[in-house]
Each structure stands twice: as C-alpha cells, then as structure tokens.
Amino acid sequence: MKAYTDYIWFNTKKHREYVNVTDRVAEAVQKSGVREGFVLVSAMHITAGVYVNDAESGLIRDIDDWLQQLAPEGPDYRHHQTGETNGDAHLKSLLIHHQVIVPITEGRLDLGPWQQVYYAEFDGQRRKRMVIKVMGE
Amino acid sequence: MKAYTDYIWFNTKKHREYVNVTDRVAEAVQKSGVREGFVLVSAMHITAGVYVNDAESGLIRDIDDWLQQLAPEGPDYRHHQTGETNGDAHLKSLLIHHQVIVPITEGRLDLGPWQQVYYAEFDGQRRKRMVIKVMGE
Amino acid sequence: MKAYTDYIWFNTKKHREYVNVTDRVAEAVQKSGVREGFVLVSAMHITAGVYVNDAESGLIRDIDDWLQQLAPEGPDYRHHQTGETNGDAHLKSLLIHHQVIVPITEGRLDLGPWQQVYYAEFDGQRRKRMVIKVMGE
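Residues numbered from 1 in each chain as written. Chains lettered and ligands numbered in written order. Predicted model: local features only at pLDDT ≥ 70, side-chain atom pairs only at ≥ 80, totals over all residues. Heavy atoms only, no water.

A. Fine view of the packing of aromatic side chains. Across all of its chains, the model carries 9 aromatic pairs over all chains by this definition. Ring geometry for Phe10(A) and Tyr119(A): centres 3.8 Å apart, planes at 0°, overall stacked. You can see Phe10(A) sitting in strand E1 (residues 2-10) and its partner Tyr119(A) sitting in strand E7 (residues 116-121), a full 109 residues away along the chain. The pair formed by Phe10(A) and Tyr119(A) is uniform in burial state, with each residue classed as buried. With centroids separated by 6.2 Å and ring planes inclined at 70°, the aromatic side chains of Tyr18(B) and Phe122(B) adopt a geometry described as edge-to-face. Here the residue Tyr18(B) occupies a position in strand E2 (residues 17-20), and Phe122(B) occupies one in the loop between strand E7 (116-121) and strand E8 (128-136), the gap between them amounting to 104 residues. For Tyr18(B), a relative accessible area of 16% gives the class buried. One cation-aromatic arrangement involves Arg129(B) over Tyr7(B); the distance from NZ or CZ to the ring centre is 4.8 Å. (Phe/Tyr/Trp six-rings, centres within 6.5 Å; stacked < 30°, edge-to-face > 60°. Helix = DSSP H or I, 4+ residues; strand = E, 2+ residues; numbered from the N terminus. Buried < 20%, exposed > 50% of the residue type's maximum accessible area, 1.4 Å probe, protein only. Lys NZ or Arg CZ within 6 Å of the ring centre and 35° of its normal.)

B. Structural context of the pairing of strand E5 (residues 99-105) of chain B. Residues and elements named next belong to chain B. Counting buried positions along E5 yields 7 of 7 residues, so the element is predominantly enclosed. Alternating residues of E5 divide into Gln 99, Ile 101, Pro 103 and Thr 105 and Val 100, Val 102 and Ile 104, and every residue in both groups is buried. Across 6 bridges, strand E3 (residues 37-43) lies against E5 in antiparallel orientation. Bridge assignment links Val 41 to a residue of E5, and that residue is Val 100. Of the pairings in the sheet, the one linking E5 to strand E6 (residues 108-109) comprises 2 bridges and is antiparallel in character. When the bridges of E6 are listed, Thr 105 appears paired with Arg 108. The turn linking E5 back onto E6 is made up of 2 residues, and Glu 106 within it adopts a positive phi angle of 50°. (Pairing = 2+ DSSP bridges.)

C. The arrangement of helix H2 (residues 57-70) of chain A in detail. Under the 1.5 Å per step criterion, the end-to-end length of H2(A) is 20 Å for 14 residues, consistent within 8% with the ideal 20 Å. Between the side-chain oxygen of the N-cap and the backbone nitrogen of Gly58(A) there are 2.8 Å, and the N-cap of H2(A) in question is Glu56(A). (Expected span 1.5 Å × (residues − 1). Polar contact = N/O pair within 3.5 Å; in protein donor to acceptor, adjacent residues only side chain to side chain.)

D. Geometry of the relation of the copies chain B and chain A. Relative to chain A, chain B is turned by 120° and slid 0.0 Å along the rotation axis, the superposed coordinates differing by an RMSD of 0.0 Å. Taken together, the turn and the small shift mark the pair as related by a three-fold rotation axis. (Least-squares fit on C-alpha atoms with pLDDT ≥ 70 in both.)

E. Structural context of the environment of Asp88(B). All names here are of chain B. Here Asp 88 is to be found in helix H3 (residues 87-96). For Asp 88, the residues in contact, after removing those within four places along its chain, are Gln 68, Ala 71, Pro 72, Glu 73 and Tyr 77. At 2.6 Å, the side chain of Asp 88 and the side chain of Lys 92 are in polar contact. (Contact = heavy atoms within 4.5 Å.)

F. Quick look at the interface of chain B and chain C. Each partner contributes residues to the interface: chain B has 35 residues there, and chain C has 28 residues. Summed over both partners, the interface of chain B with chain C buries about 2,800 Å², with 65% contributed by carbon and sulfur atoms. Taken as a group, Phe38(B), Asp62(B) and Trp66(B) account for 23% of the area that chain B buries against chain C, more than any other trio of residues on that side. Inspection of the region where chain B meets chain C yields 2 salt bridges. Between Lys133(C) and Glu36(B) there is a salt bridge, with its nearest N and O atoms 2.6 Å apart. Across the contact surface, chain B and chain C share 13 residue pairs in polar contact (both at pLDDT 80 or more). Looking at side-chain class alone, the side of chain B that touches chain C contains 18 nonpolar, 9 polar and 8 charged residues. (Buried area = accessible area lost by both parts, 1.4 Å probe. Salt bridge = Lys/Arg side-chain N within 4 Å of Asp/Glu carboxyl O. Nonpolar A, V, L, I, M, F, W, Y, C, P; charged D, E, K, R; others polar.)

G. Quick peek at the interface of chain B and chain A. Listed per partner, the contact involves 28 residues of chain B and 35 residues of chain A. Summing both sides of the interface, chain B and chain A together bury roughly 2,800 Å²; the carbon and sulfur share of this comes to 65%. It is Ile46(B), Arg78(B) and Leu94(B) that lose the most area in chain B upon contact with chain A, and together they represent 25% of the buried surface on that side. At the boundary of chain B and chain A, one finds 2 salt bridges. Among the salt bridges present, the one from Arg78(B) reaches Asp65(A), with a minimum N-O distance of 2.6 Å.

H. Representation of helix H1 (residues 22-32) of chain A within the structure. Residue and element names in this part refer to chain A. Listed in full, the buried residues belonging to H1 are Thr 22, Val 25, Ala 28, Val 29 and Ser 32. Burial along H1 is one-sided: seen end-on, the buried residues are contained in an arc of 125°. Opposite the buried face of H1, by more than 90 degrees, sit the exposed residues Asp 23, Gln 30 and Lys 31. Positive phi appears at Gly 33, one or two residues downstream of H1, with a value of about 75°. (Arc of directions from axis to C-beta.)

I. A look at the sheet that holds strand E7 (residues 116-121) of chain C. All names here are of chain C. Strand order in the open sheet formed by 3 strands is E2-E7-E4, and the pairing between neighbours is antiparallel. Looking along the sheet, the strands with just one partner apiece sit at the ends: strand E2 (17-20) and strand E4 (48-53). For this sheet, the mean inter-axis angle between neighbouring strands, taken without regard to orientation, is 25°. Two strands pair when backbone bridges link them, and E4 and E7 are joined in this way by 6 bridges, in the antiparallel orientation. Bridge assignment links Ala 48 to a residue of E7, and that residue is Glu 121. (Axes fitted to C-alpha atoms, helices over the stretch in contact; angles between N-to-C directions.)

If you want it as structure tokens, here you go:
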C-alpha cells in the first residue's frame with residue numbers, strides 16, 4: 001500500500017472565490033505512483049469547501065448566488081458574539097461540503113467528462129490550506 | 001490490497017428519478033473479494049447525486065419536493081446562457097452530494113438497518129454513469 | 001494493510017443534539033495502529049449526520065437554527081403517512097451529510113486547527129449508532 005500527502009496553500013484575492021484544483025489533484029496522484037485507489041481532497045478550514053462540478057463561469061456564479069441565498073451573510077449569527085463576522089462562511093462550507101473522494105483507476109483520476117474538482121473559499125484574503133491524501137497501490 | 005471498479009449505466013424514464021442501488025453495490029463488493037475496506041459510490045455526472053437514506057416512497061417524494069424548493073427549476077440561471085436548461089440539476093447535485101463511502105466489514109456492506117444507497121437523477125432520459133470503487137483486503 | 005472498526009452508541013437527552021466525537025475518532029485511530037490512511041466516520045441511521053466544523057457553542061446554535069429553517073419540522077411530510085413524525089430529521093441528515101473522512105498522517109488525525117468532528121442527532125432520545133472505520137498501514 002502506498003500513501004502520499006500534499007498540502008496546497010491558498011490566499012485568494014476575493015472574499016469568496018472558486019478555484020479549479022483538478023490539475024493539482026492529478027499531479028499529486030502522479031507523484032504518489034498509485035495506480036488503483038482513492039484520493040481525498042479536503043479543506044483544512046471550516047469556512048471553505050471542496051466540491052465536484054462543472055468548469056463553467058456562469059454556473060459558478062449561479063452556485064455563488066445560491067449559497068448567498070441559502071446561507072446569507074448577516075449580522076445576526078450568535079457566532080459573531082465571539083468577535084467573528086463569518087457565520088455565513090461556516091454554513092456555506094457545511095452546505096457545499098468540505099471534501100470529496102476521487103477514485104484512481106489505471107493511474108488516473110476516474111472522473112466523468114465534465115467533473116472538475118473545486119476549492120471554494122468563503123472567507124478568503126488570508127492563508128488557508130487544503131490536504132490531498134492519496135492511498136492505494 | 002485489492003481494488004475493484006464497476007460502472008453502472010442509467011437511462012431513467014423520468015427527468016428526475018431515485019434509484020435504489022444498494023444491491024448493485026453489494027454485488028460489486030462480493031465480486032471484489034474484499035472483506036475489510038471501503039466502497040465509494042460516486043456519480044460521474046454533475047447533474048446527479050448519490051445519497052444514503054430510507055427506501056420509503058413517501059419520503060422519496062418529500063426529498064424530491066424539498067430539492068425542488070431549495071434548488072428550483074427556472075429560467076434565470078446564468079448557466080443557461082450556454083444553451084443548457086439544467087441549472088437546477090447542478091445545484092440539486094451539490095445539495096444532496098454526488099457520492100458516499102460505505103464501510104465493508106466481514107465481507108458485507110456495514111450499513112445501519114434502514115440505510116439504503118440511492119442514485120438520484122436530476123437530468124435524466126439520457127445515458128449516464130456511476131462508478132463503484134472497492135478498496136481493501 | 002490494516003483495518004479497524006469501532007461502533008459508538010448514542011442516546012441523547014435532547015431531540016436534537018450535537019456531540020463532539022473528535023477524541024473518540026482519534027482513539028480508534030490509535031487503537032488501529034494505522035500511521036498513514038483514512039478514517040471514515042459515518043452515522044448508521046438516516047436521521048443523524050456527521051460533519052466537521054468548529055467547537056463554538058454559538059455557531060452550533062446557528063447551525064441548528066439554519067437546519068430548522070432549511071429543513072423545518074412540520075406535519076406535512078408524506079413520510080408521516082407511515083406513522084413517523086421525523087420527516088425533517090431525514091432532510092437535515094441529507095443537508096449536513098451523514099459522513100466524513102479524516103486523513104491519517106504520521107499516526108494522527110490530519111485536521112486543520114479548528115476542525116472538529118461532530119455527530120449531529122436529529123431524532124434522539126433513543127439508542128443510535130455510528131461506525132468508525134480505519135484503513136491504512
């Protein structure tokens with residue numbers, strides 16, 4: 001069994017930003033030498049997410065609008081009594097989920113034709129981290 | 001370490017449809033010969049989901065109503081400027097999530113008494129695919 | 001390859017309750033002897049969830065309010081025609097998701113500084129179970 005771990009740092013220019021990390025995940029799989037297995041892609045912060053969907057700019061804006069609607073910014077979160085202002089970012093992270101697993105088959109990411117892996121930043125403009133963990137043979 | 005990969009094709013009669021795939025997943029685990037490990041069940045399309053919940057027809061209709069309410073069909077998605085009409089199906093996929101992992105213990109799916117694995121089609125009536133990937137020993 | 005399985009029982013005092021299980025997961029990893037791998041933490045019931053987020057009491061109440069808003073209790077679920085009254089708990093489970101994977105690196109849970117693993121009970125005051133499955137080397 002082989003295992004390989006990589007960490008990717010982000011420091012997004014915008015408060016909310018969607019970064020296609022598919023190539024970074026593929027690179028980690030290649031470095032691992034794993035031909036059959038799983039790769040976990042997981043945000044290490046509680047105000048960011050990781051998801052699989054389409055690399056289409058209109059859709060990404062639709063996703064952002066939708067997250068704003070279902071987990072809106074606002075002053076009224078109890079979490080803000082701690083001095084924080086990012087209650088919405090925690091809920092957005094829970095909604096989109098903070099991780100995905102991609103199967104590895106014959107040394108490649110076994111994704112469908114339109115599936116791309118995205119890091120979703122909901123409280124950016126600071127250094128944040130994502131873990132890529134490959135396991136298999 | 002053993003790995004086994006299977007692909008299931010769907011071509012649902014309805015635009016949205018919920019298909020119980022628990023037996024198909026159990027079959028893949030049996031074929032794999034894995035006694036202890038994980039099985040990943042993952043949609044390969046970005047307008048479909050995979051989830052674990054109850055095989056109760058009333059509840060399945062509740063889930064469908066709820067998804068329609070939180071990720072409604074409509075003309076106003078920016079994604080539709082590409083010619084697509086399935087913006088809602090992308091959001092439904094993100095909401096329900098596109099994959100689950102089932103633990104394998106003593107050669108069997110280690111599910112609770114009411115847990116069933118479902119493929120959730122949100123843009124059907126066409127050929128679509130799901131991957132089942134087993135890994136363990 | 002090593003595999004280790006543990007089951008945790010809950011019987012919460014409240015109907016909805018959020019239980020920090022991070023130490024229980026770390027304990028299972030230690031018992032497993034796995035230094036590099038994955039640990040799956042998964043509810044075995046369809047009215048409970050597992051998520052990763054902050055151990056801050058205000059935020060936990062925000063999460064509870066938010067789940068109540070997006071998946072409200074109510075008399076009108078079709079599922080209730082079976083005699084059940086917990087339709088909302090099924091939807092809350094789907095929204096928050098019922099499982100997470102934590103990477104294991106150098107024998108430890110490879111979590112970010114604020115990441116904690118929570119069991120989320122949505123229909124408690126009865127015995128329910130969660131599986132922890134460790135796999136790796």
